[in-house]
Amino acid sequence: MPSFDIVSRIDLSEIDNAIAAIGREIATRFDFKGSKCTIERNEGELRLVADDDLKLKQMHELLKVHLTRRKVEAGALDYKPPEKAAGNTLRQSIALRQGIDAELARRLVREIKDSKIKVQAAVQGGELRVTGKKRDDLQAAIGLLRGLKIEQPLQYVNFRE
């Protein structure tokens, strides 16, 4: 029976490469000269430290630009509110969204069922498996899901006959 999987994954090595490039750019840019701005990754979270709100916003722009260059979608970032840190600096955590949470999985399954396409969707951990009798039905389901307004980037993998 033909099937495919819907997943949401981020290549962490590309994130690390983007962070290294941002660090080099911060070290050479004139407007960051003498500032304590840093960015680092711990597990599934990025941590930004900036001197003030303006520099934090500039670091957000740098992050978007460098991630886009590395083919990582900015929708995979979940920004937390900035908080005060030591020495009049700001600290912000950014969670990296990986996997499909239960709420999004239910929404995707409901959209597939409401479309009356002859496929079945099943949740398997952080993934969603869609099966159907015809390859065309599976491709129609992919087209339907791509048309939805979902912040989190989705990949369609393991298309099997």
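What counts, and where the lines are drawn
- Residues numbered from 1 in each chain as written.
- Predicted model: local features only at pLDDT ≥ 70, side-chain atom pairs only at ≥ 80, totals over all residues.
- Heavy atoms only, no water.
- Helix = DSSP H or I, 4+ residues; strand = E, 2+ residues; numbered from the N terminus.
- Rg over C-alpha atoms; globule rule 2.2 N^0.38 Å.
- Buried < 20%, exposed > 50% of the residue type's maximum accessible area, 1.4 Å probe, protein only.
- Contact = heavy atoms within 4.5 Å.
- Areas by Shrake-Rupley, 256 points an atom, 1.4 Å probe, with all protein chains shown as cover.
- Phe/Tyr/Trp six-rings, centres within 6.5 Å; stacked < 30°, edge-to-face > 60°.
- Pairing = 2+ DSSP bridges.

Asks: How should the overall build of the chain be read in this particular structure?
Replies: Across its full length, the chain holds 4 helices and 9 strands. Helices (α) and strands (β) of the chain occur, in sequence order from the N terminus, as β-α-β-β-α-β-β-β-α-β-β-α-β. Relative to the compact-globule value of 15 Å for 161 residues, the chain shows a C-alpha radius of gyration of 20 Å, a clear excess of over 25%. Viewed in the frame of its principal axes, the chain has a C-alpha envelope of about 60 × 25 × 25 Å. The buried share among the 161 residues of the chain stands at 36%. Within the chain, contacts between residues separated by at least 24 positions form 62% of all contacts whose residues are at least 6 apart in sequence. Accessible area for the chain stands at about 9600 Å²; split by element, carbon and sulfur atoms hold 49% of it.

Asks: What exactly am I supposed to notice about the packing of aromatic side chains here?
Replies: Within the structure shown, the criterion is met by 2 aromatic pairs. When the ring of phenylalanine 4 is compared with that of tyrosine 156, the centres are 6.2 Å apart and the planes differ by 65°; the resulting orientation is edge-to-face. Taken together, the residues phenylalanine 4 in strand β1 (residues 3-7) and tyrosine 156 in strand β9 (residues 155-160) connect sequence positions 152 residues apart. Note on phenylalanine 4 and phenylalanine 159: the rings are 6.1 Å apart at their centroids and 10° apart in plane angle, and the pair reads as stacked. Of this pair, phenylalanine 4 sits in strand β1 while phenylalanine 159 is found in strand β9, placing the two residues 155 residues apart along the sequence. Residue phenylalanine 4 is classed as buried on the basis of its relative accessible area, which comes to 0%. Overall, phenylalanine 159 belongs to the partly exposed group, its relative accessible area being 35%.

Asks: Is there a simple way to explain the environment of leucine 77 in this structure?
Replies: Residue position: leucine 77 is located in strand β4 (residues 77-79). Exposure remark for leucine 77: the relative accessible area of 5% places this residue in the buried category. Between the alpha carbons of leucine 77 and lysine 118 there is a distance of 34 Å; along the sequence they are 41 residues apart. With near-sequence residues (within four places) excluded, leucine 77 lies in contact with Leu46, Leu63, Leu67, Ile94, Ala95, Leu96 and Arg97.

Asks: What is the right way to read the pairing of β1 from this model?
Replies: In regular strands, side chains alternate between the two faces of the sheet. Of all the 5 residues making up β1, 5 are buried; the element is thus mostly covered by neighbouring parts of the structure. The alternating pattern of β1 places Ser3, Asp5 and Val7 and Phe4 and Ile6 on opposite faces, both of which are buried. Sheet analysis places β1 next to strand β8 (residues 127-132), joined by 4 bridges and oriented antiparallel. By the bridge assignment for β8, phenylalanine 4 is matched with valine 130. Note: β1 against β9, 4 bridges, orientation antiparallel. The residue of β9 that forms the bridge with isoleucine 6 is tyrosine 156.

Asks: Even after reading the chapter, I still don't get the pairing of strand β3 (residues 45-50), so can you show me in this structure?
Replies: Of the two faces of β3, only the one carrying Leu46, Leu48 and Ala50 is buried; Glu45, Arg47 and Val49 on the other face are not. Strand direction decides the pairing type here: strand β2 (residues 38-42) and β3, joined by 5 bridges, are antiparallel. Looking at the pairing, asparagine 42 lines up with glutamate 45 of β3. From the end of β2 to the start of β3, which pair antiparallel, there are 2 residues, and glutamate 43 there has a positive phi angle of about 50°. Note: β3 against strand β6 (residues 89-96), 6 bridges, orientation antiparallel.

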